[in-house]
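Breakdown of the fold
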Amino acid sequence: MTQDTTSFMLVRHAEKIHGLEDLGLTDTGVLQAKETGMALLEWHPTRIFTSTFPRAVQTAKIIGAIHSLEPIARECLVERRVEPPPGEGTPGFKAEWAKVDQSRDYRAYGGESSRIAGERLRSCLREIARECPHERVVVVTHGGITRDFILGLVEQEPKYWNLLRTPFLGSSIPYAGVSGVQFYAGTFSLNFVAVSGAGLISELASPDGARRG
């Protein structure tokens with residue numbers, strides 16, 4: 001990591017208990033969070049931030065415990081905002097959510113569009129980078145808004161298309177999947193997208209691993 005670079009690992013929360021309310025992680029999700037935390041051991045994170053949603057907070061606490069880091073909660077890291085939040089169990093929710101994936105300016109239930117949510121995450125990460133210069137930062141957030149942020153980077157730098165899976169929908173980011181991002185001289189760059197477990201270990205051990213962290 002160069003002297004004035006902040007490196008990020010954007011982690012989607014682990015598998016959640018499905019329902020109208022956010023009840024945290026399943027037993028499988030707990031194992032996924034532990035696996036991601038262990039995979040990051042060689043990366044040596046210095047901070048961990050998290051969305052305020054219970055599923056993200058629980059994921060962050062599991063990862064943080066492995067690295068002796070206490071998660072810092074930030075409201076700006078929550079999933080796409082919908083008021084009132086209908087939840088996955090609401091009839092028609094998945095179809096509405098999919099429309100946000102398909103059109104960057106569609107606003108499900110009058111909430112945030114993909115473009116707006118992505119810009120919110122970009123602003124939040126920029127603020128964290130200012131607070132944590134020269135650090136390695138884990139950020140536990142959500143699949144939809146991570147996708148939105150990455151698509152914003154791709155729109156500005158088409159070279160990143162080759163890092164994306166096709167079609168690149170929110171579901172393309174696995175539970176506890178990690179995307180590597182750097183912030184340098186006011187600009188974000190994308191290193192890899194939506195990898196987990198052994199794939200993450202492989203990414204971090206690649207020949208340009210030093211550039212990634």
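Okay, so let's go over this structure. Position numbers for residues count from 1 along each chain, tracking the sequence in the order it is written. Given that this is a predicted model, residues contribute local features only at a pLDDT of at least 70 and side-chain atom pairs are listed and counted only at 80 or more, while totals for whole chains, interfaces and linings are drawn from all residues. For the side-chain quantities, the full set of heavy atoms in the structure was used; hydrogens and water were omitted.

Let us look at the pairing of strand β1 (residues 5-12). The classification of residues rests on relative accessible area computed with a 1.4 Å probe and restricted to protein chains. Under 20% of the type maximum is buried, over 50% is exposed, and intermediate values are partly exposed. Strands here mean DSSP runs of E at least two residues long; helices mean DSSP runs of H or I at least four residues long; both are numbered from the N terminus. Extensive coverage of β1 is indicated by the burial of 8 of its 8 residues. Burial along β1 is two-sided: the face carrying T5, S7, M9 and V11 and the face carrying T6, F8, L10 and R12 are both buried. In terms of strand pairing, β1 meets strand β5 (residues 178-184) through 7 bridges, oriented antiparallel. In the sheet register, S7 faces β5, and the bridge partner there is Q182. Strand pairing requires that DSSP identify at least two bridges connecting the strands.

Attention now moves to the packing of aromatic side chains. Aromatic rings from Phe, Tyr and Trp, taking only the six-membered ring of Trp, are treated as a pair when their centres fall within 6.5 Å; an angle between ring planes under 30 degrees marks them as stacked, one over 60 as edge-to-face, and anything in between as tilted. The final tally for this structure, using the stated rule, is 4 aromatic pairs. Consider the rings of F149 and F188, whose centres lie 5.5 Å apart with planes at 90 degrees: the pair is edge-to-face. In this pair, F149 sits in helix α5 (residues 143-156) while F188 sits in strand β6 (residues 187-195), placing the two residues 39 residues apart along the sequence. Of the two residues, F149 and F188, neither departs from the other in class, the shared state being buried. Here the aromatic rings of F183 and F188 are separated by 4.7 Å at their centres, their planes lie at 55 degrees, and the arrangement is tilted. Here the two residues F183 and F188 agree in accessibility, since each one is buried. Grouped by ring-pair contacts, the aromatic residues F93, W97 and Y109 constitute a single cluster. Each ring is checked for a lysine NZ or an arginine CZ that lies within 6 Å of its centre and within 35 degrees of its normal; such an atom marks a charge sitting over the ring. Of note, R80 hangs over the ring of W97, and the distance from its end group to the ring centre comes to 4.7 Å.

Moving on to α5. For a helix, the expected span equals 1.5 Å multiplied by the number of residues minus one. For α5, with 14 residues, the first-to-last C-alpha span of 20 Å sits near the 20 Å given by 1.5 Å per residue. The buried fraction of α5 is high, at 12 of 14 residues. Of all the residues in α5, the buried ones are G143, G144, I145, T146, R147, D148, F149, I150, L151, G152, L153 and V154. Note on contacts: a residue pair is in contact if any heavy atoms of the two residues lie within 4.5 Å. For α5, the secondary structure elements touched by its buried residues are β1, α3 (93-102), α4 (114-131), β4 (136-141), β5 and β6.

A separate point is helix α2 (residues 54-67). The first and last C-alpha atoms of α2 sit 20 Å apart over 14 residues, in line with the 20 Å expected at 1.5 Å per residue. Residues R55, A56, T59, A60, I62, I63, G64 and H67 constitute the buried set of α2. Where α2 is buried, its residues touch β1, α1 (27-39), β2 (47-50) and β4.

Most of β4 sits inside the fold, with 5 of its 6 residues counted as buried. Sheet topology note: the β1/β4 ladder contains 6 bridges and is parallel. By the bridge assignment for β4, S7 is matched with R136. Pairing of β2 with β4 involves 4 bridges; the strand directions are parallel. Of the residues in β4, the one forming a bridge with T50 is V140.

Strand order in this open sheet of 6 strands is β3-β2-β4-β1-β5-β6, and the pairing throughout is mixed. Of all the strands in the sheet, just β3 (72-73) and β6 have a single pairing partner and so form its edges. Fitting a line to C-alpha atoms yields each axis, with helices limited to the stretch in contact; the angle taken between N-to-C directions then spans 0 to 180 degrees. Against the sheet, α5 makes contact with β1, β4, β5 and β6, and its axis sits at roughly 130 degrees relative to β6, the strand it touches most.

This part covers the side chain of S114. Within the secondary structure, S114 sits in helix α4. Discounting chain neighbours no more than four positions away, the residues touching S114 are V100, S103, R104, Y106, R147 and D148.

These figures come from the coordinates and say nothing about function on their own.
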